[in-house]
Amino acid sequence: MAITGRVPLLLLLGVAAVVLRPEQGTVWLWVLAVLLLVAVDLALAPSPATVVVERPPVGTVRLGHPASTRLLVGNQGRRRVRGVLRDSWQPSAGPEGDRHRLALAPGARAVLQTTLLPRRRGDLRALGVTVRLRGPLGLAARQRTRPVPGTLRSLPPFESRKHLPSRLARLRELDGRAAVRVRGQGTEFDSLREYVRGDDVRSIDWRASARNRTVVVRTWQPERDRRVVLVLDTSRTSAGRVGDVPRLDSAMDAALLLAALAARAGDRVDFVAGDRRVRSRVRAARSRGVAGTLQEAMADLEPVIVEADWAALAGAVTGLGRQRALVVLLTPLEPSAVEEGLLPVLPALTAHHRVVVASVRDPALEQLAAAHGTLDEVYDAAAAHRSLGRRLHTAGMLRALGVDVVDADAEQLPPALADHYLALKARGLL
Amino acid sequence: MTATLTPEAPAKRGGRLRRHRSTLVVGIGLAVAVLVVLLAGGAGVRSAALDPDNPDPAGAQAVARVLEDQGVDVTVVRSADALDDTEVGADTTVLVTSTDQLGQSTLDRLVDHTRGARLVLTEPGRGPTRALGLRADPQAVTFDDAVAAGCADPSYSGLAVAVDDGVEYDVDGGCFRGGSGALLAEPRPDLWLLGAGEALSNDQVLRADNAAVALRLLGGRDRLVWYVPSLDDLVADDGVSLQTLLPSWLRPALWLAAVAVLALMVWRARRLGPLAVEPLPVVVRAIETTRSRGRLYRKAGDRAHAAAILRGAARARAADRLRLGSRPDPDTLVRDLARHTGRSVDEIAALVGPTAPAPATDHDLITLAERLAELDEEVRRP
């Protein structure tokens, strides 16, 4: 139950009665009378159970973009209901205007809309709907909360989408659609066309020119239909925050950019995410909607405080197909985790695939290493140098195994990884 | 994701009753308590101090009862009119408690009516004594021990009064004298000022000889008129306390306001549904482990280790800068560094050499870090 603001007002009205009959007894009589009224009103208030609430599916939205959820409310009782309804969501769903006035005649229905502005990635859940119905006197109300499930899926924001146009332009250069046509390793024969000034004379096809009255050149395009496997590490090391963003989110950003780029380049994109076990898997996405598919798959991934089981993840990669692929491991370059978990399984991967490790570097580490003002800072700097040294050592070990290492700040990692992919593609190393 | 809720089955009704049982019990208890107070209020029990009908520790019912048992005819009057209606003669003692309720007019009526009788005022303050024209300044005092009578009056010889707080009257003579006057003064014949009013109270009457003093003071005559004055009898001109200036409805109105505030709190405190909770993510700063390693070095005071790391890092950076490969010979590196920076080989060796001595003090360590940073700057410069 609940009382309304009219109860204190009504109690204060009793001052008039007290002035007329200035005795202590008047006070208690008045309070008793008000209590009685409240009790009567409460007894006459309609039950919140007569209000039926349904929620259609809420859907999906990119992080930071507004969404809305609707509630279908119906009065199944025989009396008119008046009151308040609150549609409660977890705070990071950013519900706005989640309190609604209810005034429904018997049998009437209404649609209540709540705006949501998600501030966090993942599945954001509705917590319950509270219905408070006033009695006829407006003094007391009956209230009940019940679960009306609803989930808003908030997708990774894909901030690095701004880098996509420039990388696509570079891809087109490779593709031979632009003026410069490159012949080299890793390109395959596309078509023949007339020679124009500026073309590489080495690409003149003499046999075809002999059959024609003009000089004919061969054009080339980069190899297509390669596989790219993105492996997203969601283990404890990905929980660490660089700035205020978990490494996992930065890695997702990089993965999305690479996936979008690879799909445009005609490659197939597979995606695996996991730690001790595989948490999410997407197979052979190659359409233009790959970024959306991956965002959907990544939406409810959260860092888990366990060590990554790289044997299981490598098994998942192998399970996706035996065809040679570019395997991108999105995992922080944490020396101990990499040396104990990743290194033992790497030879098996490098034997079949081209492996790239993409890691989010923490700029704070270099700042820490550069400070030397106080004793604390000097000791911190020593610790930071040691960490940097071990990272270098680990990166060296990885390179010795034939693995490419892309280590960049959170902002720089997506374009750096995309550039590395383009470089590999240009050299035909996929 | 769509959920349909049907009205709850009646089977749950019993459960709801059980869940709110404690609230119900408390509510009914409160209502009963309010009723009892309403019905039982004002049933002859008085709450004023030294009231003859007050059985509380501060009341004086015990003395009144004992005097009655001793054959004294005790009449309680509670207003000036009732006092006027009571016959008062030479065989009467008039005891006045709650003397702070006396005003000029009631005091005049009292003195007029009790002419010839023995008049005992308990703890009159400065107001009543001035109004009576007495030169007996009251002085509030506290006592640790009993006060012996020590006066000429034979009725109190050998007795002692024990009270915690009392009022002494600055008069000549009088009994139970203390530092600033007498606890029992007779500034005028047959007018007694009793400064030890507590001696009559229910909880103190049995201390020392309080009971004997009370009986001898009040039981000396056949009749005792116990006058409890009331502010209601005062006329407009009397000097009165603040309370009488305020309207009589103020106190109940304040009570009502308090209840209204309570209702306001209940109104505002009731939430519309439970608190919305957020499953909180793990927050780990990636730099955390490095910082704690730094703190560990600091705690251990491992200057040698810290210096070795700093020098090693400086060598690695310099080697990178001078393009000497990833693992250059230290001597070659020192020589090249000296040539590049224009410093002496010994100085460079003492600064970054692998065999350079560890800093002896914390200050040396800081200096070393600074000089390594300077060296790094110099190497960077083309």
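Residues numbered from 1 in each chain as written. Chains lettered and ligands numbered in written order. Predicted model: local features only at pLDDT ≥ 70, side-chain atom pairs only at ≥ 80, totals over all residues. Heavy atoms only, no water.

- By the naming in an unreviewed UniProt entry, chain B goes by DUF4350 domain-containing protein and is assigned to Nocardioides mangrovi.

- Naming follows an unreviewed UniProt entry, where chain A appears as DUF58 domain-containing protein of Nocardioides mangrovi.

### Looking at the overall build of chain A
Move 1: Each helix and strand counted, chain A has twelve helices and 21 strands in total.
Move 2: Here the C-alpha radius of gyration of chain A, 33 Å, is well above what a compact globule of 430 residues would show, namely 22 Å.
Move 3: Once the C-alpha set of chain A is aligned to its principal axes, its extents read approximately 120 × 70 × 40 Å.
Move 4: Residues counted as buried form 53% of the 430 residues belonging to chain A.
Move 5: Split by element, the accessible area of chain A, about 18900 Å² in all, is 53% carbon and sulfur.
Move 6: The distance from the centre of the 63 positive side-chain charges to the centre of the 43 negative ones in chain A is 9 Å. (Helix = DSSP H or I, 4+ residues; strand = E, 2+ residues; numbered from the N terminus. Rg over C-alpha atoms; globule rule 2.2 N^0.38 Å. Buried < 20%, exposed > 50% of the residue type's maximum accessible area, 1.4 Å probe, protein only. Areas by Shrake-Rupley, 256 points an atom, 1.4 Å probe, with all protein chains shown as cover. Lys, Arg positive; Asp, Glu negative; His and termini not counted. Charge placed at Lys NZ, Arg CZ, Asp CG, Glu CD.)

### Observations regarding the nonpolar core
Soluble globular proteins tend to pack their nonpolar side chains together in the buried interior.
Move 1: A:Leu230, A:Phe271 and A:Tyr421 are the most contacted members of the largest nonpolar core, which has 48 residues in total.
Move 2: A total of 13 residues in this core trace back to one element, the largest contributor, which is helix H5 (residues 247-264) of chain A.
Move 3: The residues touching A:Phe271, leaving out its near neighbours within four places in the chain, are A:Leu230, A:Leu232, A:Ser280, A:Arg281, A:Val282, A:Leu294, A:Ala297, A:Met298 and A:Leu301.
Move 4: Core analysis: the second largest hydrophobic core is formed by 34 residues, B:Val163, B:Leu200, B:Val205 and B:Val213 among them. (Core = buried A, V, L, I, M, F, W, Y, C linked by side-chain atoms within 4.5 Å. Contact = heavy atoms within 4.5 Å.)

### Some remarks on the pattern of salt bridges
Move 1: Under the counting rule described, the total for this entry stands at 38 salt bridges over all chains.
Move 2: Of the charged contacts in the structure, one is a salt bridge between A:Arg153 and A:Asp123, with a shortest N-O distance of 2.8 Å. Highlighted residues: A:Arg153 in strand E11 (residues 151-155) and A:Asp123 in strand E9 (residues 122-134), separated in sequence by 30 residues. Summarising the burial analysis for this pair, A:Arg153 and A:Asp123 share the class buried.
Move 3: In this structure, the salt-bridge partner of A:Asp380 is B:Arg291, at a minimum N-O distance of 3.6 Å. Here the residue A:Asp380 occupies a position in helix H11 (residues 375-400), and B:Arg291 occupies one in helix H10 (residues 288-300), the pair thus bridging two chains. (Salt bridge = Lys/Arg side-chain N within 4 Å of Asp/Glu carboxyl O.)

### Considerations on the environment of A:Gly97
Residue and element names in this part refer to chain A.
Move 1: Note on placement: Gly97 falls in the loop between strand E6 (95-96) and strand E7 (99-104).
Move 2: It is 33 Å that separates the C-alpha atoms of Gly97 and Lys162, two residues lying 65 residues apart in sequence.
Move 3: If we skip the residues at most four places from it in the chain, Gly97 touches Gln113 and Thr114.

### A word on the side chain of A:Thr237
Move 1: Examined against the element boundaries, A:Thr237 turns out to sit in the loop between strand E14 (227-233) and strand E15 (240-242).
Move 2: Contacts of A:Thr237, omitting those with residues within four sequence positions, involve A:Arg247, A:Pro332, A:Glu334 and A:Ala337.

### Some details on the UniProt feature "domain: DUF4350" (unreviewed entry) in chain B
Move 1: This chain's UniProt record puts "domain: DUF4350" (unreviewed entry) on residues 52-218 of chain B.
Move 2: The annotated region residues 52-218 of chain B carries 24% helix and 27% strand content, and the separation between its end C-alpha atoms amounts to 13 Å. (UniProt positions renumbered as here; feature names shortened; annotations may be inferred.)

### Regarding the layout of surface pockets
Move 1: Roughly 2000 Å³ of internal volume is contained in the largest pocket.
Move 2: What lines the largest pocket is a set of 45 residues, among which A:Met1, A:Val38, A:Leu42, B:Thr23 and B:Gly27 lie closest to the centre.
Move 3: Of all the secondary structure elements, the ones that give two or more residues to the lining of the largest pocket are strand E1 (2-3), helix H1 (6-20), helix H2 (24-44) and strand E10 (140-146) of chain A together with helix H1 (12-19), helix H2 (21-40) and helix H9 (250-269) of chain B.
Move 4: Grouping the amino acids of the lining of the largest pocket by side-chain chemistry returns 30 nonpolar, six polar and nine charged.
Move 5: Two domains each donate at least three residues to the lining of the largest pocket, and these are domain 1 (2-44) and domain 2 (48-155) of chain A.
Move 6: In this structure, the second largest pocket encloses a volume near 1700 Å³.
Move 7: Counting residues per element, the ones that place at least two in the lining of the second largest pocket are helix H10 (363-370), H11 and strand E21 (404-409) of chain A together with helix H11 (303-321), helix H12 (330-341) and helix H14 (362-380) of chain B.
Move 8: The dominant element in the lining of the second largest pocket, judged by the number of residues it contributes, is H11(A), at 13 residues.
Move 9: Split into classes, the residues belonging to the lining of the second largest pocket amount to 22 nonpolar, eight polar and 16 charged. (1 Å grid on protein atoms, 1.4 Å probe; cavity = no way out; pocket = protein on both sides within 12 Å on 5 of 7 lines; lining within 4 Å. Points joined across faces, edges and corners; volume = space filled by probe spheres on them. Nonpolar A, V, L, I, M, F, W, Y, C, P; charged D, E, K, R; others polar. Domains from an automatic or database assignment.)

### So, the domain arrangement of chain A
When the parts of a complex come together, some accessible area is lost, and that lost area is often used as the size of the interface.
Residue and element names in this part refer to chain A.
Move 1: Each domain of chain A was delimited in the assignment, giving domain 1 (2-44), domain 2 (48-155), domain 3 (191-222) and domain 4 (225-426).
Move 2: Each of domain 2 and domain 4 was reduced to a C-alpha centroid, and the two centroids are 41 Å apart.
Move 3: Each partner contributes residues to the interface: domain 2 has eight residues there, and domain 4 has ten residues.
Move 4: Interface of domain 2 and domain 4: buried area, both sides summed, is about 750 Å²; carbon and sulfur atoms make up 40% of it.
Move 5: On the domain 2 side of the interface with domain 4, the three residues burying the most area are Arg121, Arg153 and Leu155, jointly 74% of the side's total.
Move 6: Here domain 2 is connected to domain 4 by three salt bridges.
Move 7: For Arg153, the salt bridge is made with Glu296, and the minimal N-O distance between the two is 3.4 Å.
Move 8: Applying the counting criterion to the domain 2 and domain 4 interface returns seven residue pairs in polar contact (both at pLDDT 80 or more). (Buried area = accessible area lost by both parts, 1.4 Å probe. Polar contact = N/O pair within 3.5 Å; in protein donor to acceptor, adjacent residues only side chain to side chain.)

### Looking at the interface of chain A and chain B
Move 1: At the junction of the two partners, chain A supplies 80 residues and chain B supplies 61 residues.
Move 2: At the boundary of chain A with chain B, total buried surface from both sides reaches about 6200 Å², with 66% on carbon and sulfur atoms.
Move 3: Looking at the side of chain A facing chain B, the largest losses of area belong to A:Trp28, A:Arg241 and A:Tyr379, adding up to 12% of the total buried there.
Move 4: Joining chain A to chain B, the criterion identifies four salt bridges.
Move 5: Here A:Asp244 makes a salt bridge to B:Arg285, at a shortest N to O gap of 3.8 Å.

### Side note on the packing of H11(B) against helix H13 (residues 345-352) of chain B
Residues and elements named next belong to chain B.
Move 1: Two numbers describe how H11 lies on H13: the axes approach to 9 Å, and their chain directions differ by 125°. With respect to H13, the axis of H11 lies oblique. Contact residues: Arg311, Ala314 and Arg315 in H11; Ala350, Leu351 and Val352 in H13.
Move 2: Looking at the contact of H11 with H13, its residues break down into four nonpolar, no polar and two charged. (Axes fitted to C-alpha atoms, helices over the stretch in contact; angles between N-to-C directions. Parallel < 35°, antiparallel > 145°, perpendicular 65-115°, else oblique.)

### A closer look at the sheet that holds E15(A)
Move 1: An order of E16(A)-E15(A)-E12(B) is seen for the three strands of this open sheet, with the pairing classed as mixed. A single partner strand is all that each edge strand has here, and the edge strands are strand E16 (245-246) of chain A together with strand E12 (284-285) of chain B.
Move 2: In terms of strand pairing, E15(A) meets E16(A) through two bridges, oriented antiparallel. Looking across to E16(A), one finds that A:Arg241 is bridged to A:Pro246. (Pairing = 2+ DSSP bridges.)

### What to know about a nonpolar patch on the surface
Residue and element names in this part refer to chain B.
Move 1: A cluster of nonpolar side chains, contributed by Leu17, Leu24, Ile28, Val32 and Val36, occupies part of the molecular surface with about 470 Å² of accessible area.
Move 2: Considering each element in turn, the nonpolar patch owes the most residues, four residues, to H2.
Move 3: Looking at the element boundaries, Leu17 is found in helix H1.
Move 4: The class for Leu17 is exposed, based on a relative accessible area of 58%. (Patch = residues over 30% accessible without salt bridge, like charges linked within 9 Å, V, L, I, M, F, W, Y side chains within 5 Å.)

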